[in-house]
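# Coordinate inspection notes
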Amino acid sequence: LKNLDPSGKFVKSTRIRCGRSISGFPGMSLMKVDQLRAMEASVKEALESIADEELKGTYYPLEGMTAETKDQLVKDHFLFKHQLETLAGSVLVESGATSHWPIGRGIFHNDAKTFLIWLG
């Protein structure tokens, strides 16, 4: 998609959402703690090895996240204040996809905060 707003008057931001499974790991609802940790370590390593200056950034694990980091991610609209409470009764909870929360979950964003990945 090119030149959707050539004058820059209408499009403030664009969001493209996609999801995928990672080869060698079952779906989230089937993962055990050791698999969640292994998947997170693998993805974190890949993200931190990004050399492209535009995409280079930081990975923030949800497990052990400081209140200051959480507050900033909420302010940036990258993290929701009450994620599990919001999900209560949802298909994600009912399917077991939120088991072992927050282990194996995290957020990566580039330094410019224009590229975001949610893990788990």
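A brief structural summary. (Residues numbered from 1 in each chain as written. Predicted model: local features only at pLDDT ≥ 70, side-chain atom pairs only at ≥ 80, totals over all residues. Heavy atoms only, no water.)

### Brief notes about the overall build of the chain
Counted only if it meets this: Helix and strand definitions here come from DSSP, where helices need a minimum of 4 consecutive H or I residues and strands a minimum of 2 consecutive E residues; each element is numbered from the N-terminal end. Residue burial is assigned from relative accessible area. The probe radius is 1.4 Å, only protein chains are included, and a residue is buried under 20% of its type maximum, exposed over 50%, and partly exposed in between. The criterion used for residue contact is that any of the two residues' heavy atoms lie within 4.5 Å. Calculation of accessible area relied on Shrake-Rupley with a 1.4 Å probe; when residues are assessed, cover is drawn exclusively from the protein chains displayed. Only four residue types enter the tally: Lys and Arg on the positive side, Asp and Glu on the negative side; His and the chain ends are excluded. Here the site of a charge means atom NZ of a Lys, CZ of an Arg, CG of an Asp or CD of a Glu.
A count of helical and extended segments in the chain gives 4 helices and 3 strands. In the chain, the order of α-helices and β-strands from amino to carboxyl end is α-β-α-α-α-β-β. Projected onto its principal axes, the C-alpha positions of the chain cover 50 × 35 × 30 Å. The buried share of the chain, reckoned over its 120 residues, is 25%. Counting contacts in the chain only where the partners sit at least 6 residues apart, residues at least 24 apart contribute 57% of the total. If you sum the accessible surface of the chain, you get close to 8900 Å²; carbon and sulfur atoms cover 55% of it. When the 15 positive and 15 negative side-chain charges of the chain are each reduced to one mean point, those points stand 5 Å apart.

### With respect to the pairing of strand E3 (residues 116–119)
Filter applied, for reference: Pairing between two strands requires that DSSP report at least two bridges joining them.
With 4 bridges joining them, strand E2 (residues 106–110) and E3 adopt antiparallel strand pairing. Residue pairing in the sheet places glycine 106 in a bridge with leucine 119 of E3.

### Concerning the pattern of salt bridges
Opposite charge on two side chains permits them to pair, given that their charged atoms come into close proximity. Convention followed: Basic side-chain nitrogens of Lys or Arg form a salt bridge, by our definition, when they fall within 4 Å of a carboxyl oxygen of Asp or Glu.
Within this structure, the stated rule accounts for 3 salt bridges. Here arginine 37 makes a salt bridge to glutamate 63, at a shortest N to O gap of 2.7 Å. On the criterion of sequence distance, the pair formed by arginine 37 in helix H1 (residues 33–48) and glutamate 63 in the loop between strand E1 (57–61) and helix H2 (67–75) is long-range, its members being 26 residues apart. With its nearest N and O atoms 3.8 Å apart, the salt bridge here joins glutamate 53 to lysine 56. Residue lysine 56 is classed as partly exposed on the basis of its relative accessible area of 34%.

### Examining a nonpolar patch on the surface
Counted only if it meets this: Nonpolar side chains (Val, Leu, Ile, Met, Phe, Trp, Tyr) are joined into patches within 5 Å and like charges within 9 Å, using only residues with over 30% relative accessible area and no salt bridge.
Together, Phe80, Leu116 and Trp118 give the surface a local cluster of nonpolar side chains, amounting to about 310 Å² of exposed area. On the secondary structure map, phenylalanine 80 appears in the loop between H2 and helix H3 (83–87). Among the residues examined, phenylalanine 80 registers a relative accessible area of 47% and is labelled partly exposed.

### Let's talk about the nonpolar core
Nonpolar side chains tend to gather and get buried jointly when the protein is soluble and globular. Counted only if it meets this: Take the buried Ala, Val, Leu, Ile, Met, Phe, Trp, Tyr and Cys residues and link them wherever side-chain atoms come within 4.5 Å; each set so joined is a nonpolar core.
Among the nonpolar cores identified, the biggest contains 10 residues, and these are Met31, Leu36, Met39, Val43, Leu47, Ile50, Tyr59, Ile103, Phe108 and Leu119. The element contributing the most residues to this core is H1, with 4 residues. Residue contacts for methionine 39: discarding those within four places in its chain leaves Ile22, Phe25, Met28, Met31, Gly104 and Leu119. Among the nonpolar cores identified, the runner-up in size contains 7 residues, and Leu62, Met65, Val74 and Phe78 belong to it.

### Examining H1
Formally: By this rule the span expected of a helix is its residue count minus one, scaled by 1.5 Å. In this context, the arc is that of the directions from the helix axis out to the C-beta atoms.
Counted at 1.5 Å a residue, the expected span for H1 with its 16 residues is 22 Å, and the 22 Å between its end C-alpha atoms agrees. Listed as buried for H1 are Leu36, Met39, Glu40, Val43 and Leu47. Each buried residue of H1 sits inside an arc of 100° when the element is viewed along its axis, so together they form one side. Facing away from the buried side of H1, by more than 90 degrees, are the exposed residues Asp34 and Glu45.

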